[in-house]
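# Architecture at a glance
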Amino acid sequence: MSIDDPRAQAAALAARVVAGETRSIARALRNVDDRVPGYLDLLKELFASTGKAWVVGITGNPGAGKSTLTDRLIQTLRASGKKVGVLCVDPSSPYTGGAILGDRIRMARHANDDGVFIRSVATRGHLGGLSRSARDMVRVLDAAGFDVVLVETVGVGQDELEITRTAHSTLVVMAPGLGDEVQAIKAGLLETADVFAVNKADRDGADATMRDLELMIALGTEAIVAAGKRRGHVVHGGVKVDALPEAPATGEAPPEQWTPPIRKCVATRGEGITELVSALEAHRAWVSGAEAGRERRRARLVEEVREGLRETLIDAATSALAHELDEAAAAVDARRIDPYTATEQLLARFKAMS
Ligand SMILES: Nc1nc2c(ncn2[C@@H]2O[C@H](COP(=O)(O)OP(=O)(O)O)[C@@H](O)[C@H]2O)c(=O)[nH]1
Ligand SMILES: [Mg+2]
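Residues numbered from 1 in each chain as written. Chains lettered and ligands numbered in written order. Predicted model: local features only at pLDDT ≥ 70, side-chain atom pairs only at ≥ 80, totals over all residues.

### Brief notes about the site of ligand 1
Close contacts around ligand 1 come from 17 residues, with Gly65, Lys66, Ser67, Thr68 and Ala267 the closest. The set of elements that each furnish at least two residues to the shell around ligand 1 consists of helix 4 (66–79) and helix 5 (96–106). Here the element with the most residues in the shell around ligand 1 is helix 4; it accounts for 3 residues. (Near = placed C-beta within 6 Å. Helix = DSSP H or I, 4+ residues; strand = E, 2+ residues; numbered from the N terminus.)

Next comes the structure, spelled out in structure tokens:
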């Protein structure tokens, strides 16, 4: 093997990752997060070894108890012999530095356990960068043999919801008294959740939060299904998945549906965790069994390839047509041409080149 051959280097690193070598896993994660040249070769090499891990997104407002709960989930999953990878997503805002530090502290007791791997995702300043990095880092952990990969987001921003879309199962953590129920609707959490945890059940108001959620889910499910049908979306587990080829309308059985269960817990004391894990596992079974679950996985891969194609095409076109783009912009600015025709002409040029 030549030391200068990037593909061979990537293959060597990939082999060490698949063998579960801790330092190589750490390096692979860093290369992927920082997009160090050659990271795509690494991901290409790793892909065949992926597809085995169960990916669980954990989202909810800051302070709801996600990290405390994640720590408990690790504990419970470890007790059943599962290897657990954890990604803590750190969006670009500077104030979250402290949150991640706190998260690490909350999970520190797993630091010496070989069956647990905790890392943060930090990519910033790149459109869709966070969710792409998270997805690719999940793949590294998947290839490295972690049975479950937990992805904890700091809050419920757009980027973070995007990340949970790449999970097989999404846990939305709420706490009484934060006004989370109302926010859940605004933030689109109702559509995102596969399972709800009402954490801090040791506090007043947990039962009221449960009731509010139940009501919203009952109303929301109907509304989501109706809206999904209108827009030609396939609706799975309350998650809108982009247009799949629609089955011919036969007016028969309604689409298989997953209604998110709600579980109360006290993360600090480790209460209700087993029940929460059971609810998540039921969702996992649904995703891997039901036709709707299979479609959901397929739809995500289609989306990923489409997104990759879009990026690659835009990069290729903008670099090949850099000069023409400038000219077109000037022409549009001078009203010599309209932007629609300009786009068509640029596309025609690009097609003629390739
Ligand atoms: N009373 C109570 N406090 C909790 C519970 N779970 C977490 N907390 C506390 O809530 C605060 C925020 O928790 P953290 O896990 O960092 O929340 P995150 O921002 O969602 O990750 C910490 O002070 C935790 O100790 C719980 O079940 N009951
Ligand atoms: Mg946290």
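### Some words on the sheet that holds strand 4 (residues 148–152)
Read from one edge of the open sheet, 7 strands run 3-2-4-1-5-6-9, paired in parallel fashion. The sheet is open, and its two borders are formed by strand 3 (116–121) and strand 9 (262–264), each paired with just one other strand. For this sheet the average axis-to-axis angle between neighbouring strands, irrespective of direction, equals 20°. Note: strand 5 (residues 169–174) against strand 6 (residues 195–198), 4 bridges, orientation parallel. Each bridged residue has a counterpart across the sheet, and for Val172 the counterpart in strand 6 is Phe196. Relative to strand 5, helix 11 (residues 273–289) is tilted by about 150°, and along the sheet it contacts strand 1 (54–59), strand 5, strand 6 and strand 9. (Pairing = 2+ DSSP bridges. Axes fitted to C-alpha atoms, helices over the stretch in contact; angles between N-to-C directions. Contact = placed C-beta atoms within 7 Å.)

### Focus on the confidence of the model for the protein
When pLDDT is averaged along the protein, the result is 82; 79% of the residues meet or exceed 70. Here residues 92–99 is modelled with pLDDT under 50, and outside its nearest four sequence neighbours on either side it reaches 7 contacts, counting other chains as well. This model gives residues 229–255 a pLDDT under 50, and the stretch forms 40 contacts once residues within four places in sequence are excluded. (pLDDT = per-residue confidence, 0-100.)

### Let's talk about the environment of Asn61
Relative to the helices and strands, Asn61 is located in the loop between strand 1 and helix 4. Residues Asn61 and Gly157, 96 residues apart in the sequence, show an inter-C-alpha distance of 9.3 Å.

### Examining helix 1 (residues 6–18)
Between its first and last C-alpha atoms helix 1 spans 18 Å; for 13 residues at 1.5 Å apiece the expected length is 18 Å, and the two agree. Gly20 lies just past helix 1 and shows a positive phi near 85°. (Expected span 1.5 Å × (residues − 1).)

### Remarks on the nonpolar core
Leu87, Val140, Val149, Val151 and Ala197 are the most contacted members of the largest nonpolar core, which totals 72 residues. Counting residues per element, this core draws most heavily on helix 6 (residues 129–143), at 7 residues. Summarising the domain contributions, this core has at least three residues from each of domain 1 (1–49) and domain 2 (51–290). What Leu87 contacts, discounting residues up to four positions off in sequence, is Arg119, Val121, Ala134, Met137, Val138, Val149 and Val151. (Core = buried A, V, L, I, M, F, W, Y, C linked by C-beta atoms within 7 Å. Buried ≥ 20, exposed ≤ 12 C-beta atoms within 10 Å, placed from the backbone. Domains from an automatic or database assignment.)

### Describing the pairing of strand 2 (residues 84–89)
Among the 6 residues that make up strand 2, 6 are buried, leaving the element largely enclosed by the rest of the structure. As paired elements, strand 2 and strand 3 share 6 bridges and run parallel to each other. Bridge pairing in strand 3 places Leu87 opposite Arg119. Across 5 bridges, the pairing between strand 2 and strand 4 is parallel.

### Observations concerning the pairing of strand 4
Put simply, side chains in a regular strand alternate between the two faces of the sheet. Burial analysis of strand 4 places 5 of its 5 residues in the buried class, which makes it a mostly covered element. What you see with strand 4 is no split at all: Val148, Leu150 and Glu152 on one side and Val149 and Val151 on the other are buried throughout. Taken together, the 5 bridges between strand 1 and strand 4 define a ladder with parallel strand orientation. Along strand 4, the bridge assignment pairs Val56 with Leu150.

### Overview of unusual backbone geometry
Phi at Arg35 is positive, roughly 50°, even though this residue is not glycine. Tracing the sequence through the fold places Arg35 in the loop between helix 2 (22–34) and helix 3 (39–47). On the basis of neighbour count, Arg35 is assigned to the partly exposed category, with 15 C-beta atoms found within 10 Å. The backbone of Lys200 shows a phi angle near 60°, a positive value even though the residue is not glycine. Structurally, Lys200 can be placed in the loop between strand 6 and helix 10 (206–230). For Lys200, a count of 25 C-beta atoms within 10 Å translates into the label buried.

### Observations concerning the environment of Ser67
As for its position among the elements, Ser67 is in helix 4. For Ser67, a count of 25 C-beta atoms within 10 Å gives the class buried. Residues Ser67 and Cys88, 21 residues apart in the sequence, show an inter-C-alpha distance of 8.9 Å.

### Points about the packing of helix 1 against helix 2
Axes are the key here: two packed helices are described by the angle between their axes and the distance separating the axes. It is at 8 Å that the axes of helix 1 and helix 2 come closest, and there the two elements cross at 125°. With respect to helix 2, the element helix 1 is oriented oblique. Considering how the two elements wind past one another, helix 1 and helix 2 form a crossing that is left-handed. For the pair formed by helix 1 and helix 2, the contact residues are Leu13, Arg16 and Val17 on the first element and Ser24, Ile25, Arg27 and Ala28 on the second. (Parallel < 35°, antiparallel > 145°, perpendicular 65-115°, else oblique. Left-handed = near helix turned anticlockwise from the far one by under 90°.)

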